[in-house]
Amino acid sequence: MGKKTNPLRANTFRQEAPEEPKETTAPKETAKPERPPRRKKTEKPAKPKKEKRERKPVDERYLRVIGLFFLLIALYLLISFTSYVQTWKVDYEFANKVFSNFSLSHFLESQTPENWLGKVGALTAYLFISEWFGVASFLFILILFIAGMKFFLKISLLPLVKTLKYSFFGIVWTPVALSVIFPEEDILFGVYGFEINRILADFLGYSGMILLLAFILLSFLIIAFNVPFRWMKKKETAITEEQPGTVLEEPADEKAETAAEEEKPSGNKMIEELVSLEEEPLISELQVDEKPEPEVTPVSAGSNIELQIENPVEEAVSDTGQDGGKVHLGLDTKYDPTLDLPGYKFPHLDLLREYGSDEISINKEELEANKNRIVQTLNNYSIKIDKIKATIGPAVTLYEIVPEAGVRISKIKNLEDDIALSLSALGIRIIAPIPGKGTIGIEVPNKNPETVSMRSLLASEKFRNSTYELPLVLGKTIANETFIVDLAKMPHILMAGATGQGKSVGLNTIITSLLYKKHPSQIKFVMVDPKKVELSLFSKIERHFLAKLPDSEEAIITDTKKVIRTLNSLNIEMDNRYDLLQNAQVRNIKEYNEKFIARKLNPENHHAFLPYLILVVDEFADLIMTAGREIEHPLTRLAQLARAVGIHLVIATQRPSVNIITGTIKANFPARIAFRVISKIDSRTILDTGGADQLVGRGDMLLSTGSDLIRLQCAFVDTPEIETLTDYIGSQRGFPDAFHLPEFNEDEPEGSKEFDPDSRDELFTEAARLIVQNQQGSTSLIQRKLKLGYNRAGRIIDQLESAGIVGPFEGSKAREVRFRDLTQLEMHLKTIGEG
């Protein structure tokens with residue numbers, strides 16, 4: 001019982017709520033610079049005052065009487081139950097005789113029991129403990145005591161509604177659990193626990209009952225307290241490049257904070273004054289790329305927008321034009337793969353649009369209003385803070401607060417909905433605590449969010465000077481910093497989000513980043529688009545950046561059968577590349593290409609420069625629904641093994657359910673991007689934690705890299721920009737055809753599998769007749785009718801296929817039955833020696 005009540009006490013921070021706001025709001029209204037906004041706040045409590053005047057003559061006295069009654073009943077039950085636990089044998093015999101005879105004379109004339117409250121106390125305890133819920137009946141005392149204290153003394157020891165919910169669960173679940181653990185101690189679980197135990201044991205058995213009780217308990221802990229049950233977690237290395245400025249600014253901020261603390265006269269000074277001391281260092285933090293100044297100035301990021309991206313690859317290309325480029329020189333020079341397409345020109349930034357400016361306008365009134373509402377909300381729950389400062393991002397502002405000593409973090413974490421209500425904003429997310437800092441973060445969406453243009457991010461120095469193998473510029477952080485990751489280290493990305501929340505734009509951002517950074521000879525895309533409309537614009541760059549099967553007409557794959565062939569072809573390509581790496585005695589594609597560029601590998605031994613292959617799947621849920629395991633198995637194998645040979649996966653889906661994103665797939669995708677989803681269940685499916693359901697949409701996303709969770713505003717690139725970009729690349733001279741993947745033969749021809757009568761199963765003939773009679777070639781039918789295990793039924797169905805009775809495996813469809821009646825089957829069995 002102690003363990004169940006402790007989490008409840010974590011939510012009990014409303015004891016002094018009626019008194020504290022009166023003391024803190026009064027001086028705020030008298031402050032001269034804040035008179036106009038405070039007048040609006042004084043108008044809000046007017047309605048509650050009217051309600052109190054109406055309730056006092058009607059409700060106040062009756063509530064106190066009811067509360068006093070609850071307290072007396074709780075005390076009465078406590079004495080009765082405690083006494084009954086010690087003297088239950090004598091009290092049990094007395095109460096059992098009274099209830100069995102239903103005689104008033106027996107009740108009056110019988111010997112007085114040993115209960116401290118006499119006969120009535122013995123009967124009451126007998127009903128609750130022996131006849132009903134056992135020792136779980138003590139939870140009724142807790143409910144009455146909490147309600148009595150709230151109504152009589154106006155003291156909220158525990159939230160009343162949550163106490164009712166949790167106590168009800170304990171009353172229902174505890175007796176059954178005790179009846180399993182201590183079956184001989186009847187006083188612990190009562191008649192209710194005994195009967196439920198007997199019913200469940202009859203239907204589910206002893207083991208099934210234990211599993212059911214464990215499932216109910218774990219479900220309750222997850223729903224009530226959001227217990228994650230993650231004790232062991234892999235630690236992934238960080239994939240972001242930390243800005244030196246942000247690391248060096250922290251000690252300066254701490255010095256400013258300590259200096260501000262020294263100026264404070266006493267610890268009882270109002271929180272408003274403590275907050276005002278941090279306003280100047282607060283807003284100076286917003287200047288990510290500039291030195292802090294005392295005055296607030298707009299923040300500029302990516303100021304060198306007019307500069308085009310200069311890729312080192314272009315330096316190896318001649319200026320003589322498309323047809324007059326240099327050719328590969330002798331063995332004394334390094335091999336240059338870009339000379340296979342010497343006239344290629346990298347796209348320039350003018351192809352993309354600029355959405356507004358990169359400066360973030362600081363709205364002091366909005367910052368001050370949000371700050372005061374956060375402080376007031378925390379004060380309402382008796383939570384005092386020492387400092388508060390804000391970092392403004394393009395779409396979200398991060399308020400960092402430092403609570404006073406002794407304040408539990410869980411108290412602030414549980415106020416997420418209350419803070420969202422006070423701010424009248426969606427997408428409130430509390431980070432308690434912020435990793436690497438001794439503060440608690442509250443993320444609040446801006447009223448006027450800024451659009452992060454793809455052009456400004458590509459023009460940033462961080463992207464232009466990036467040394468990553470496959471740099472992806474995803475967007476901007478809350479600190480307005482350009483966020484870049486290396487796909488080669490991730491090594492795969494799983495992306496999910498509801499319709500219209502930015503998932504397709506996120507895919508375009510990833511592809512655009514690589515198109516601006518890589519030469520066509522260095523990277524190839526395998527694009528799968530079941531919806532047939534999202535990735536169709538990239539068909540114009542087929543001869544430059546796309547890969548496909550040799551017999552395929554279109555490079556953008558839309559047919560499910562072609563998707564299966566393509567995935568298996570990628571598996572063959574992966575195996576071939578591993579053979580090349582083994583012969584070259586290297587461990588990964590980077591070492592292999594460096595060795596080939598240095599001309600240490602002979603092309604006559606089938607060695608060649610290996611481009612990176614990026615598999616992009618737009619709607620993964622549709623493929624799983626139509627093909628199932630035929631898609632999942634080769635895809636899982638690629639996710640497990642393809643990283644070292646330069647094959648990376650970017651998979652997107654709008655249905656992050658468990659049957660779509662299975663545990664096997666999640667285990668091989670440590671990097672996950674979540675846009676806004678509908679429910680917390682979807683958020684936990686994709687991120688293993690909540691938060692994605694609280695995003696505001698329109699590119700607001702969370703990136704999980706296994707060890708931390710980062711909130712970003714995704715870069716925006718519109719469809720006309722993609723069309724202009726692909727037109728520019730497609731108009732240039734390309735390769736003769738798209739990059740060809742290895743050929744894949746789906747099935748072996750009929751008759752290649754020889755039937756061996758000596759190795760047949762004993763039930764082979766019976767199973768063949770069963771299949772023909774039902775005209776359904778499925779393993780499950782053999783399992784059910786012949787009562788066999790799955791492995792044996794699978795071997796029989798393979799033997800039936802080898803004998804020509806059923807057709808090959810066709811995914812989710814049943815196998816074709818090649819005989820219509822038993823007569824034809826019997827003739828066939830005689831020919832193969834089974835008649």
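Description of the structure in this document.

Each value, and the rule that gives it
- Residues numbered from 1 in each chain as written.
- Predicted model: local features only at pLDDT ≥ 70, side-chain atom pairs only at ≥ 80, totals over all residues.
- Heavy atoms only, no water.
- Pairing = 2+ DSSP bridges.
- Helix = DSSP H or I, 4+ residues; strand = E, 2+ residues; numbered from the N terminus.
- Axes fitted to C-alpha atoms, helices over the stretch in contact; angles between N-to-C directions.
- Contact = heavy atoms within 4.5 Å.
- Parallel < 35°, antiparallel > 145°, perpendicular 65-115°, else oblique.
- Left-handed = near helix turned anticlockwise from the far one by under 90°.
- Nonpolar A, V, L, I, M, F, W, Y, C, P; charged D, E, K, R; others polar.
- Salt bridge = Lys/Arg side-chain N within 4 Å of Asp/Glu carboxyl O.
- Buried < 20%, exposed > 50% of the residue type's maximum accessible area, 1.4 Å probe, protein only.
- Arc of directions from axis to C-beta.
- Polar contact = N/O pair within 3.5 Å; in protein donor to acceptor, adjacent residues only side chain to side chain.
- Phe/Tyr/Trp six-rings, centres within 6.5 Å; stacked < 30°, edge-to-face > 60°.
- Expected span 1.5 Å × (residues − 1).
- Bend = angle between axes of the 7 residues up to and from the residue.

1. What to know about the sheet that holds strand β12 (residues 671–674)
Phase 1 of the analysis: One open sheet accounts for 9 strands, arranged β6-β5-β14-β13-β12-β7-β11-β10-β8; its pairing is mixed. Across the chains shown, the open sheet's two edge strands, defined by having one partner strand only, are β6 (482–486) and β8 (523–528). Going from strand to strand, the sheet's axes swing by 30° on average, the running direction of each strand aside.
Phase 2 of the analysis: Strand direction decides the pairing type here: β12 and strand β13 (residues 700–704), joined by 3 bridges, are antiparallel. Each residue of the ladder has a partner; that of arginine 672, found in β13, is serine 704.
Phase 3 of the analysis: In the packing of helix α21 (residues 560–584) onto the sheet, the strands contacted are β8, β10 (612–617) and β11 (647–653), and the crossing angle to β10 comes to about 155°.

2. Comments concerning the sheet that holds strand β1 (residues 385–392)
Phase 1 of the analysis: The 4 strands lie next to each other as β1-β2-β4-β3, forming an open sheet whose pairing is antiparallel. Looking at the sheet topology across the chains shown, the edges are occupied by β1 and β3 (429–431). Between one strand axis and the next, the sheet turns by 20° as a mean value, whatever way the strands run.
Phase 2 of the analysis: Both β1 and strand β2 (residues 396–403) contribute to a ladder of 7 bridges, which runs antiparallel. Residue pairing in the sheet places alanine 390 in a bridge with tyrosine 399 of β2.
Phase 3 of the analysis: Lying over the sheet, helix α14 (residues 364–380) contacts β1, β2 and β4 (440–445), oriented at roughly 40° with respect to β2.

3. Concerning the packing of α21 against helix α22 (residues 589–597)
Phase 1 of the analysis: Direction vectors running N to C along α21 and α22 enclose 60°, while the axes themselves pass 10 Å from each other. Between α21 and α22, the angle is such that the two are oblique. Classified by chirality, the crossing of α22 by α21 is left-handed. On the side of α21, the interface is formed by Arg577, Leu580, Leu581 and Ala584, while α22 contributes Ile589, Tyr592 and Lys595.
Phase 2 of the analysis: Of the residues that constitute the contact of α21 with α22, the class distribution is 5 nonpolar, no polar and 2 charged.

4. Section: the pattern of salt bridges
Phase 1 of the analysis: Applying the stated rule across the entire model yields 24 salt bridges.
Phase 2 of the analysis: Lysine 666 is the partner of aspartate 688 in a salt bridge, and the nearest nitrogen-oxygen pair spans 2.7 Å. In this pair, aspartate 688 sits in the loop between α26 (680–687) and β13 while lysine 666 sits in helix α25 (residues 663–667), placing the two residues 22 residues apart along the sequence.
Phase 3 of the analysis: With a closest N to O distance of 3.0 Å, aspartate 761 and arginine 792 form a salt bridge. In this pair, aspartate 761 sits in the loop between β15 (739–740) and α28 (764–774) while arginine 792 sits in helix α30 (residues 790–802), placing the two residues 31 residues apart along the sequence.

5. Considering helix α23 (residues 620–627)
Phase 1 of the analysis: Buried within α23 are the following residues: Phe620, Ala621, Leu623, Ile624 and Ala627. Viewed end-on, α23 has its buried residues packed into an arc of 160°, placing them on one side of the element.
Phase 2 of the analysis: In this structure, the buried side of α23 is in contact with β8, α21, β10, α24 (629–641), β11 and α25.
Phase 3 of the analysis: In this structure glutamate 619 caps α23, since a side-chain oxygen of it lies 3.4 Å from the backbone nitrogen of alanine 621.
Phase 4 of the analysis: Positive phi shows up at glycine 628, right after α23, with a value of about 65°.

6. Overview of the packing of helix α19 (residues 503–517) against helix α27 (residues 719–730)
Phase 1 of the analysis: It is the contact of α19 with α27, at a shortest axis distance of 12 Å, that shows an interaxial angle of 30°. Here α27 runs roughly parallel to α19, going by the angle between their axes. In terms of crossing hand, the pair formed by α19 and α27 is left-handed. Residues Asn508, Thr512, Leu515 and Tyr516 of α19 lie in contact with α27, whose contacting residues are Ile722, Leu725 and Ile729.

7. Brief notes about the packing of aromatic side chains
Phase 1 of the analysis: Summed over all chains, the structure comprises 16 aromatic pairs.
Phase 2 of the analysis: Judged by centre distance (6.1 Å) and plane angle (75°), the rings of tyrosine 344 and phenylalanine 545 are edge-to-face. With tyrosine 344 in the loop between α13 (279–284) and α14 and phenylalanine 545 in helix α20 (residues 542–545), this residue pair connects regions lying 201 residues apart in the sequence.
Phase 3 of the analysis: What makes tyrosine 344 buried here is its relative accessible area of 3%.
Phase 4 of the analysis: On the basis of relative accessibility, which here comes to 0%, the residue phenylalanine 545 falls in the buried class.
Phase 5 of the analysis: One aromatic cluster is present, built from ring pairs that chain together Phe81, Phe128, Trp132, Phe133, Phe138, Phe140 and Tyr192.

8. Thoughts on the environment of glutamate 816
Phase 1 of the analysis: Positionally, glutamate 816 belongs in the loop between α30 and α31 (822–831).
Phase 2 of the analysis: Relative accessible area serves as the criterion here: at 45%, glutamate 816 is assigned to the partly exposed category.
Phase 3 of the analysis: A sequence separation of 10 residues divides glutamate 816 from valine 806, and the C-alpha atoms of the two residues are 5.4 Å apart.
Phase 4 of the analysis: Apart from the residues lying within four places of it in its own chain, the contact partners of glutamate 816 are Ile805, Val806 and Gly807.

9. Thoughts on helix α10 (residues 186–225)
Phase 1 of the analysis: Helix length check: α10, at 40 residues, gives a terminal C-alpha distance of 31 Å against a target of 58 Å (1.5 Å per residue), a shortfall beyond 12%.
Phase 2 of the analysis: Along α10, the sharpest kink reaches roughly 110°, centred on leucine 204.
Phase 3 of the analysis: Within α10, the full set of buried residues consists of Ile187, Phe189, Gly190, Gly193, Asn197, Leu200, Met209, Leu213 and Phe220.
Phase 4 of the analysis: Positive phi appears at asparagine 226, one or two residues downstream of α10, with a value of about 55°.

10. Brief notes about the side chain of threonine 566
Phase 1 of the analysis: Tracing the backbone through its elements, the reader meets threonine 566 in helix α21.
Phase 2 of the analysis: Classification of threonine 566 by relative accessible area gives buried; the value is 3%.
Phase 3 of the analysis: Discounting chain neighbours no more than four positions away, the residues touching threonine 566 are Val526, Leu549, Ile557 and Leu741.

Bear in mind that shape data such as this cannot, by itself, settle questions of function.
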